[in-house]
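# Examination of the molecular architecture
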Amino acid sequence: MEFTEEIVTDFESTVSEVIELYQHRIQWLLQDSRKVFGVIKGTKVGLLVDVSHLSYGPRLLDFQKNLLCLIDEQLCYKKQLYCLSFSTEISPLWESPKTINVHVLREVRQWIEELEPGRGCNLLKALRHVLPMKELNSLVLIVGSCPDQSFEILCDYTQQCTLGRKVQIHTVIYDCSNPASLTVLKNLAEAVRGCYHCYSSKGENFDSSDFHLLLQESQKAKDLLKSIKQTFQRRVGDLLGSERADVSTAFANTEPSSFFPKPPKHKGPLVIQTPGILGKTSADWLKTYGLKAKKLDLYQVLAPNAFSPVEDFVPILKKTVSSTLHEAMMMQFEWYDGTIKNIHVDLPVLYNYQKLLAKMVRIYEKRVDWLSVASRRIWGSVYERRVVILVDISVTNSTYISHIQHSLRLLLEEQMSDKDSFNIIAFGSDIVPWQQELLPSQPENLEKAWRWVLSLECKGSRNVLSALRRAVEVEFKDKDKHKSQGLYLLTTGIPDQETHTISAYVAEACRGFDLQLHVCLFSVTKGTDSSGIIPARYANPTETASAFKEIVQAANGRFHWFGEAGIFESDDISSIISEMEKAKNYSQKCAFLVESLKQRSVKQSVKPLTPEGHSNVLMRNEERKKQKVPSPKPTAVLKDVKDNHGAERNTPVRVVAWRPPSARAGIPPAQTVKEWPQTENKGKHKPRKQAELSVSVFYTEEGRNVGTIYQRYPKAMHIRKSVCSVTLPKEEEICSSKEWLTKYSIKKLKLELSRLMFDCTHQKKTVECLHKKVSAKYCSIFPSREINGVVKHLQFHPKELKSYTEQLGNVLQRYVQRVQWLLSGSRRLFGTILEANVCVLVDTSGSMGPYLPSVTKELTSLIWEQLRKNEVRFNLLRFADNTESWKEYLVEAADESCHDAVQWVSTCHAHGSSCILAALQALSFQGVEALYLLTDGKPDTSCSLILKEIERLIKKQDIKIHTICFSCADRGAVEFLKKLASQTGGRFHCSSAGEDGQSAAHRILTEGLDDEDNPVFPYFEGDDLKKLTQEVAKARSFLKQAKSWRLLLEKWNTNQKDDSGFQESVQD
């Protein structure tokens, strides 16, 4: 390297100015309040003052004086301030931070002057009061005694509260001689990446993080300046070219500016060390200490609380839609396979996980530091048992022969003493081995090898292939008989041979054997020696590194690239850094989850499924618009009646005039009586149709007197029951199937097929003259069918039956949708939670072992899908030999309590027997309306005894017991649970046949009801599904019968038209 005297002088001047700047900064920090409290950072400061160390007298006055100085010099320039004093108890000045103004500063000064000594140093209580204040971005802890809590407790709580926030923690140890206090607060500041400051009025134990950084930099600058003065001898001249070698050697002796320090006794004997740590590659080391090996992979941690989005096909929309419940209650997170999962964010788990990640990162940093010092920064970690070292002594390395020798010395001293055998091969144009075969790694052999290394001279080119062939074919000729063999190549440039040639050779040599080739590339600045000799091949450092990477990859080895400036690239270090980046990425994702959860409102506006005061009503009647029922479609009969009725009303009634035979001609003829006037209808209802009125006028026998006879002939009324237009609500109602069918059953909707028929039966009467029974004349007009043992005439029109089938089809589709809803989510197992205060009893006996994972998943779904969504107060209780409740009382279904409940459920494990009676007797929660009992079989005690005991208990407290059977194989258990539910007014549920029911419902909704018999629902044991599927079967039978009648009527009408046409043709 060439430097002019001017460059060296300018550099020395710059370093001197930097040192002077550091000195001025240190002097500034030692003045006024900065000497006592350090430099306070942040704009919104929380001041926490410990008064436990104070005593009345000069000490208190000095402390108050220093605090007033801090206020006047630093805190008065901040934006907001919050003050709190603490000892055993806390004493805040205000409830919240105040914007700094004249009045606030006056209050602070008065507060400082009124400080009084206390006892105890409850720092944790003060932190718990201040850290939740989101407005503050800086906390100043002024402590004069050892805190009551340990460092671990304070550190854990502070890290948890500051997670995801930028809060500067500044700890001040004020005039405290207790070393424990200094240790706790200093470590606390370092753990949360804050600052610390230790002040003593006596000038002892002074320490500060700001001082420490400045002193470190100042010392580095002084060492650099000293090394420059020792190295460069000032003399007149433009260039110092003659001292280039001296400059290089001087920089090599400078610490830490030179990467290769040359010890004073370079040619002295070896100081052999025994490795204290077993050498491993980073890849092997990560198999034990990697994140995945430690089960700290983020996806491993989140997997128990990760749920895939629920998707299902909605026939009405004709597309697949996703459930929005989990999106509202959980956080969405991209999984490693690219899919989106719904994550239940457990803050304590994530907090502990991030602490473990930070701990692992510190371990990885220590590993990187370990790999970056001593011989490992040159050779990496040499872990094989049989080692051959290939050293490049080509002529281009003449300038760096001392560096190469020193590198070999470090390797022999630090990493070779525990090997089985070794050898060293130097190569240039020729191959020069130390020994003809591998020798044991004994101290005397290591010393002999070092003496041989000192005698090496650089000459020739860089014949790497010949050196490799020598090592493989001689030293490792029996490579198939040994394990753990390694070749370490130390070189400075590109080989003489082509890269693909060497790669092919080493790949063939190492394939199938425990033999690896590792390359240590020393990057130099020149490509020729002092004589100007050019090597056989030349490449820049980047091209050289790429070539050796290819060779190493073929040999399944490691690549290590270093130079005077340090390590450029290392496979060992890259693996560790990659793991650190992975940990950092996981930590950022955790912080994102935590921040997203914090931003989400604690109180989510969950719209209740039912209005207040109407727990079992889908919508308020007053909010439901009244729909006008459309008039029935007019049939031919109705049309005739309407037309005839209109004609009768519009045509005046003519009276048939009658005259006696003795009447004279002078008697005037009878006049037509005009139509009777009709009163105007002002009522709300239509008047009944008036019967036909006939008036007859006649002459009496007495003279010309006229008599009148009024006759009323009532016309028969045709009463047809029209098909009602039915509209069922689309949203599901939170109620049992029994309550739901009281409003929406076929009978309630007036869609029973028999109701729409006329009471017209097929009758036969005896005719005396024929001496036999004959049918009425109208029997041939209508088709007949036997209904419930009675032959009736079908007086329908096909259009009426078509309207009926359409309405019934819509109702049937709505029934199936209700069945599908009952079979989805947690309702499949638990049914619909109807009450507002419930307790879930879970059987965790030994027989529940196979079902417990499914039960845990279903309980998690129940908590979020029904209890949280409907804001149900709840509690959980598990029972086996003993009973254990989650809480001692009913809990509101808030997010925090639901997270806690899910975590509690995950701790369930199967053991013991089923003590149902003990679980029911142990219930003493106030306000419980219903119990949901989940079990898989009969209890251990007598069933009749339990039923009698329950009958006695419900007399004291009216509680419904809904029973859930996880397996319906035991008929005795099923019957017992049915009786238990029926006795208390509850419902029985069973989880069997759920998948078959879902499949049948899906087929009905997608394929339609073209086939009236298929698909059919399986037999359900549970009350809700059983009642609803029975109604479905009833509706399907009506639908099938209506369709057959419609076909019959259409065929009948076609035959009637054919017969009438034939008769007309005969008459013609």
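### A short note on a positive patch on the surface
Together, K294, K359, R362 and K366 make up a region of like positive charge exposed at the surface. Tracing the sequence through the fold places K294 in the loop between helix 10 (282-289) and helix 11 (298-302).

### Concerning unusual backbone geometry
The phi angle at D32 is positive, at roughly 55 degrees, despite the residue not being glycine. The residue D32 is located in helix 2 (residues 32-37) in this model. Judged by its relative accessible area of 47%, D32 is partly exposed. For R193, which is not glycine, the phi torsion reads 60 degrees and is therefore positive. Considering the arrangement of structural elements, one finds R193 in the loop between helix 7 (179-191) and strand 7 (195-199).

### A short note on the nonpolar core
It is characteristic of soluble globular proteins that their nonpolar side chains tend to be buried jointly. Grouped together as the largest cluster of nonpolar side chains are 38 residues, with contacts concentrated most on L728, W740, L751, L808, Y815 and F1017. Here this core gets 10 residues from one element, more than from any other, and that element is helix 23 (residues 798-822). When residues no more than four places from it in sequence are discounted, the contact partners of W740 are L728, E733, C735, R814, Y815, R818 and L1028. With 33 residues, the next largest nonpolar core counts V382, L439, C458 and F522 among its residues.

### A closer look at the pattern of salt bridges
Taken as a whole and assessed by the stated rule, the structure comprises 31 salt bridges. Note that K582 is salt-bridged to E579, the shortest N-O span being 3.8 Å. Of the two residues, K582 and E579 both sit in helix 20 (residues 571-599), three residues apart, roughly one turn of that helix. Accessibility expressed as a relative area gives 33% for K582, which makes it partly exposed.

### With respect to the sheet that holds strand 30 (residues 883-885)
Reading across from one edge, 30-29-28-31-32-33 is the order of the six strands in this open sheet, with mixed pairing throughout. The open sheet terminates on both sides in strands that have one partner only, identified here as strand 30 and strand 33 (988-990). In this sheet, neighbouring strand axes are inclined to one another by 20 degrees on average, regardless of whether the strands run parallel or antiparallel. Across seven bridges, strand 28 (residues 837-843) lies against strand 29 (residues 873-879) in parallel orientation. Bridging from a neighbouring strand, V840 pairs with L876 of strand 29. Packed on one face of the sheet, helix 26 (residues 895-905) meets strand 29 and strand 30 and runs near 10 degrees to strand 29.

### Remarks on empty space enclosed by the protein
Taken as a whole and assessed by the stated rule, the structure comprises five cavities of 30 Å³ or more. Of the voids in this model, the largest cavity is the one considered here, and its volume is about 110 Å³. Lining the largest cavity are 15 residues; nearest its centre among them are R827, R828, H989, D1024 and L1025. Split into classes, the residues belonging to the lining of the largest cavity amount to six nonpolar, four polar and five charged.

### Here we look at the pairing of strand 7
Of all five residues in strand 7, five are buried; the element is thus mostly enclosed. Because side chains alternate across strand 7, one face comprises the buried residues C195, H197 and Y199, and the other comprises Y196 and C198, equally buried. By the bridge criterion, five bridges tie strand 6 (residues 168-174) to strand 7 in an arrangement that is parallel. Each residue of the ladder has a partner; that of T171, found in strand 7, is Y196. Read from strand 6 through helix 7 to strand 7, the crossover connection turns out right-handed.

### Observations regarding the confidence of the model for the protein chain
For the protein chain, the mean per-residue pLDDT works out to 76, and 75% of the residues sit at or above 70. Confidence drops under pLDDT 50 across residues 526-532; counting only partners more than four residues distant or on other chains, this segment forms 10 contacts. Ignoring residues within four places in sequence, the model shows residues 603-687, a span with pLDDT below 50, making 76 contacts including any to other chains.

### Quick notes on helix 17 (residues 464-475)
With 12 residues, helix 17 should reach 16 Å at 1.5 Å per residue; the first-to-last C-alpha distance of 16 Å fits that figure. Residues of helix 17 that are buried: V464, L465, A467, L468, R470, A471, V472 and E475. In the core, the buried residues of helix 17 are packed alongside strand 14 (386-392), strand 15 (421-427), strand 16 (431-433), strand 18 (485-491), helix 18 (499-510) and strand 19 (515-523).

### Overview of the pairing of strand 5 (residues 138-143)
Among the six residues that make up strand 5, six are buried, leaving the element largely enclosed by the rest of the structure. Two elements, strand 5 and strand 6, share six bridges in a ladder whose sense is parallel. Within strand 6, the position partnered with L141 by the bridge is T171. Taken together, strand 5, helix 6 (residues 151-161) and strand 6 form a β-α-β motif whose crossover is right-handed.

### Examining helix 4 (residues 102-113)
Between its first and last C-alpha atoms helix 4 spans 17 Å; for 12 residues at 1.5 Å apiece the expected length is 16 Å, and the two agree. Where helix 4 is buried, its residues contact strand 1 (44-50), helix 3 (58-73), strand 2 (80-86), strand 3 (90-92) and strand 4 (98-99). Sitting at the head of helix 4, N101 places a side-chain oxygen 3.1 Å from the backbone nitrogen of H103.

### Here's the deal with the sheet that holds strand 12 (residues 331-334)
The pairing of strands in a sheet comes from backbone hydrogen bonds and takes either a parallel or an antiparallel form. The antiparallel open sheet is built from three strands, whose spatial order is 9-13-12. The open sheet terminates on both sides in strands that have one partner only, identified here as strand 9 (306-307) and strand 12. Bridge analysis of strand 12 against strand 13 (residues 340-343) gives four bridges, and the strand direction is antiparallel. Paired with Q332 across the bridge in strand 13 is N342.

### Structural notes on the packing of helix 13 (residues 347-371) against helix 20
Two packed helices can be described by the angle between their axes and the distance between those axes. Between helix 13 and helix 20, the shortest axis-to-axis distance is 10 Å and the interhelical angle comes to 160 degrees. By the angle between their directions, the pair helix 13 and helix 20 is classed as roughly antiparallel. For the crossing formed where helix 13 meets helix 20, the hand is left-handed. Residue composition of the contact of helix 13 with helix 20, by class: 18 nonpolar, two polar and four charged.

### Observations concerning the packing of aromatic side chains
Inspection of the entire model under this criterion finds 13 aromatic pairs. A centroid spacing of 5.6 Å and a plane angle of 35 degrees characterise the contact between Y174 and Y199, whose relative ring orientation is tilted. Linking Y174 in strand 6 with Y199 in strand 7, this pair joins segments that are 25 residues apart in sequence. Given the relative accessible area of 3%, Y174 is considered buried. Between Y299 and W335 the ring centres are 5.1 Å apart and the planes differ by 70 degrees, which places this aromatic pair in the edge-to-face class. Of this pair, Y299 sits in helix 11 while W335 sits in the loop between strand 12 and strand 13, and the two are 36 residues apart along the sequence. The class for Y299 is buried, based on a relative accessible area of 13%. Take W335: its relative accessible area is 9%, and that puts it in the buried class. Here a set of aromatic residues connected by ring pairs shows up, and it is made of F37, F63, Y174 and Y199. Taking NZ or CZ as reference, R878 lies 4.1 Å from the ring centre of W904, over its face.

### So, the environment of I173
Structurally, I173 can be placed in strand 6. Along the backbone, I173 and I142 are 31 residues apart, and their C-alpha atoms lie at a distance of 6.2 Å. If near-sequence neighbours (up to four positions away) are discounted, I173 is found in contact with V143, S181, L182, L185, H197, C198 and Y199.

### Quick word on the environment of F966
Residue placement: F966 occurs in the loop between strand 32 (960-965) and helix 29 (971-983). Taking the relative accessible area as the measure of exposure, F966 reaches 13% and is therefore buried. F966 sits 23 residues away from H989 along the chain, and the two C-alpha atoms are 8.6 Å apart. With residues up to four places along the chain from it excluded, the contact list for F966 reads L829, Y851, S854, V855, L934, T935, D936 and S991.

### A few points about the side chain of S375
The residue S375 is located in the loop between helix 13 and helix 14 (376-379) in this model. On the basis of relative accessible area, S375 is assigned to the buried category, the value being 0%. The residues touching S375, leaving out its near neighbours within four places in the chain, are G380, L410, L411, E414 and Q415.

### Structural notes on the environment of F307
Along the polypeptide, F307 turns up in strand 9. Residue F307 is classed as buried on the basis of its relative accessible area of 17%. Placed 37 residues apart in sequence, F307 and H344 show a C-alpha to C-alpha distance of 8.3 Å. With sequence-adjacent residues up to four places away left out, F307 is seen in contact with M330, K341, N342 and T860.

Cut-offs used in this document
- Residues numbered from 1 in each chain as written.
- Predicted model: local features only at pLDDT ≥ 70, side-chain atom pairs only at ≥ 80, totals over all residues.
- Heavy atoms only, no water.
- Patch = residues over 30% accessible without salt bridge, like charges linked within 9 Å, V, L, I, M, F, W, Y side chains within 5 Å.
- Areas by Shrake-Rupley, 256 points an atom, 1.4 Å probe, with all protein chains shown as cover.
- Salt bridge = Lys/Arg side-chain N within 4 Å of Asp/Glu carboxyl O.
- Lys, Arg positive; Asp, Glu negative; His and termini not counted.
- Charge placed at Lys NZ, Arg CZ, Asp CG, Glu CD.
- Helix = DSSP H or I, 4+ residues; strand = E, 2+ residues; numbered from the N terminus.
- Buried < 20%, exposed > 50% of the residue type's maximum accessible area, 1.4 Å probe, protein only.
- Core = buried A, V, L, I, M, F, W, Y, C linked by side-chain atoms within 4.5 Å.
- Contact = heavy atoms within 4.5 Å.
- Pairing = 2+ DSSP bridges.
- Axes fitted to C-alpha atoms, helices over the stretch in contact; angles between N-to-C directions.
- 1 Å grid on protein atoms, 1.4 Å probe; cavity = no way out; pocket = protein on both sides within 12 Å on 5 of 7 lines; lining within 4 Å.
- Points joined across faces, edges and corners; volume = space filled by probe spheres on them.
- Nonpolar A, V, L, I, M, F, W, Y, C, P; charged D, E, K, R; others polar.
- Right-handed = clockwise from strand over helix to strand, strands pointing away.
- pLDDT = per-residue confidence, 0-100.
- Expected span 1.5 Å × (residues − 1).
- Polar contact = N/O pair within 3.5 Å; in protein donor to acceptor, adjacent residues only side chain to side chain.
- Parallel < 35°, antiparallel > 145°, perpendicular 65-115°, else oblique.
- Left-handed = near helix turned anticlockwise from the far one by under 90°.
- Phe/Tyr/Trp six-rings, centres within 6.5 Å; stacked < 30°, edge-to-face > 60°.
- Lys NZ or Arg CZ within 6 Å of the ring centre and 35° of its normal.

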